Amino acid sequence: VTALHNFDMASSAARKKVIVLSGLGLLLIVLAVLIRLSPESAGESAVMTWIRSMYAPGLDRLMESVSRFTNQPGLMLGPVTALVFLLRGRIRHAVIFSSVALVVAVTVYVLDFSLGEIAGRGRPLPYETRPSYPSGHTSGSTWFFVFLMFLVIRSGATDLGKGLVTGGLGTLVLLVGLSRIFLHRHWPLDVIGGYALGVLAAICAIWLFDRLMAERSLSGWLFWINRDREPKSEYVTAGNKSFIGSA
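Residue indices begin from 1 for each chain and proceed along its sequence in written order. A pLDDT threshold of at least 70 governs which residues receive local features in this predicted model, and a stricter bar of 80 or more applies before side-chain atom pairs are shown or counted, although totals over entire chains, interfaces and linings include all residues. Side-chain metrics in this entry use all non-hydrogen atoms of the structure; hydrogen atoms and water are not considered.

A. Region of the structure containing the overall build of the protein. Secondary structure is summarised from DSSP: a helix means a run of H or I of at least four residues, a strand means a run of E of at least two, and numbering begins at the N terminus for each. What the protein contains, in helices and strands, is eight helices and two strands. Listing the helices and strands of the protein from first to last along the sequence gives α-α-α-α-α-α-α-α-β-β. Only heavy atoms matter for contacts: two residues are in contact if any of them lie within 4.5 Å across the pair. Counted over contacts in the protein with a minimum sequence separation of 6, partners at least 24 positions apart contribute 79%. Counting every atom, the protein has about 13,600 Å² of accessible surface; 69% of that belongs to carbon and sulfur. Note on areas: these come from Shrake-Rupley sampling with a 1.4 Å probe, and a residue is covered only by the protein chains present in the view.

Okay, structure coming up:
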């Protein structure tokens, strides 16, 4: 009975995940088509003007700093995260994290390019020649920072440490979209599309990481992972919940 109950819970969670992912994918396509049909929107221009009107001393510099820091954050923080795993003797974690991050990053890049071709809209600033939709800064930062937040929450860090790190990453996720509009690098719908793509990618990254960590037999594809120093019970699967131990 317990096994059947767990199976039903897992099936229900899987259905909800498919519905959410399908909704996000549909939203991305609908936005791309709408932008293609009407590339210049008075509503978007009004939103950009309103956001720009929130000017305060130092705000330009803050937004520029956020924009620079969130430009492909995975290239900077990805190796650092993998190194932290390695220094703690978690070779399996490091390999799976790096593999998942690489696969998701390439997939997001391909989707970003494809959606940009469908939308066919330029950026607000005339000297910017790259496609505007969706916002690559927003999508890249969203999926990677949410993925890091997931890893921090599942780690053995203190509640205070988890709160500080996840709060900081969450703030960056919120600011990156605002900065792209404030600096006139993207239209509002570009940022909405970026968030949608980022959330979609984050869900996939977390699911893939969880799935690979739970499959102990996966070590066959890299035989040396069998020799890592992690205890067998470090990654536990209970029902449909997986978590990293606090070693």
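B. The arrangement of the side chain of Thr 142 in detail. Along the polypeptide, Thr 142 turns up in helix 6 (residues 136-154). Among the polar contacts made by the side chain of Thr 142, one reaches the main-chain carbonyl oxygen of Thr 138 at a distance of 2.6 Å. The residues contacting Thr 142, other than those within four sequence positions of it, are Val 173, Tyr 195, Gly 198 and Val 199. Identification of polar contacts relies on pairs of N or O atoms within 3.5 Å, with a donor-acceptor requirement for protein atoms, meaning one able to donate a hydrogen and the other able to accept it, and with residues adjacent in sequence counted only if both atoms are side-chain atoms.

C. The nonpolar core, seen in detail. By size, the foremost hydrophobic cluster in this structure holds 38 residues, and its most contacted members are Phe 97, Trp 143, Phe 147 and Phe 209. Contributions of two or more residues to this core are made by helix 1 (2-37), helix 4 (73-87), helix 5 (91-119), helix 6, helix 7 (159-182) and helix 8 (188-214). Excluding residues that lie within four positions of it along the chain, Trp 143 makes contacts with Ala 101, Val 104, Ala 105, Val 108, Gly 198, Ala 201, Ala 202 and Ala 205. Leu 59, Met 63, Phe 182 and Val 191 belong to the second largest nonpolar core, which has nine residues in total. The nonpolar core is taken to be a set of buried Ala, Val, Leu, Ile, Met, Phe, Trp, Tyr and Cys residues, with the residues joined through side-chain atoms within 4.5 Å. The rule is simple: take the accessible area with a 1.4 Å probe, protein chains only, and divide by the maximum for that residue type; under 20% is buried, over 50% is exposed, in between is partly exposed.

D. Main features of the packing of helix 6 against helix 8. One way to put it is that helix 6 packs onto helix 8 with a least axis distance of 7 Å and a crossing angle of 35°. Pair helix 6 / helix 8 crosses with right-handed handedness. When helix 6 is examined against helix 8, the residues Thr 138, Ser 139, Thr 142, Trp 143, Val 146, Phe 147, Phe 150, Leu 151 and Arg 154 are found in contact with a partner set consisting of Val 191, Gly 194, Tyr 195, Leu 197, Gly 198, Val 199, Ala 201, Ala 202, Ala 205, Ile 206, Phe 209 and Asp 210. Each residue gets one of three labels, nonpolar for Ala, Val, Leu, Ile, Met, Phe, Trp, Tyr, Cys and Pro, charged for Asp, Glu, Lys and Arg, and polar for the others, Gly among them. Among the residues forming the contact of helix 6 with helix 8, the class breakdown is 14 nonpolar, five polar and two charged. Here the axes come from fitting lines to C-alpha atoms, over the contacting stretch only for helices, and the angles between their N-to-C directions go from 0 to 180 degrees. Crossing handedness follows the turn of the near helix against the far one: under a right angle anticlockwise gives a left-handed crossing, and clockwise gives a right-handed one.

E. Molecular detail of helix 2 (residues 42-52). Of all the residues in helix 2, the buried ones are Glu 44, Met 48 and Ile 51. What you see down the axis of helix 2 is that its buried residues fit within an arc of 65°, all on one side. In helix 2, the exposed positions that point more than 90 degrees away from the buried face belong to Ala 42, Thr 49 and Trp 50. At its buried positions, helix 2 is contacted by helix 7 and helix 8. The backbone nitrogen of Gly 43 lies 3.3 Å from a side-chain oxygen of the residue at the head of helix 2, namely Ser 41. By definition, the arc is the one covered by directions from the helix axis to the C-beta atoms.

F. Local environment of the packing of aromatic side chains. The aromatic pairing rule takes the rings of Phe, Tyr and Trp, using the six-membered ring of Trp, and pairs them if the centres are within 6.5 Å, calling planes under 30 degrees apart stacked, those over 60 edge-to-face and the rest tilted. A full pass over the atoms with the stated rule returns nine aromatic pairs. Residues Phe 69 and Phe 145 carry aromatic rings whose centres are separated by 6.5 Å and whose planes lie at 20° to one another, so their mutual orientation is stacked. Of this pair, Phe 69 sits in helix 3 (residues 59-69) while Phe 145 sits in helix 6, placing them 76 residues apart in sequence. In this structure Phe 69 comes out as partly exposed when scored by relative accessible area, which is 35%. Where Trp 143 meets Phe 144, the ring centres are 5.6 Å apart and the plane angle is 90°; that geometry is what we call edge-to-face. As far as the burial class goes, Trp 143 and Phe 144 line up, both buried.

G. Quick peek at the confidence of the model for the protein. Averaged over all residues, the pLDDT of the protein is 84; the fraction at 70 or higher stands at 83%. The pLDDT value expresses, per residue, how confident the predictor is, ranging between 0 and 100. At the level of individual helices and strands, the protein shows its lowest average pLDDT in strand 2 (residues 241-244), which scores 42, and its highest in helix 8, which scores 95.

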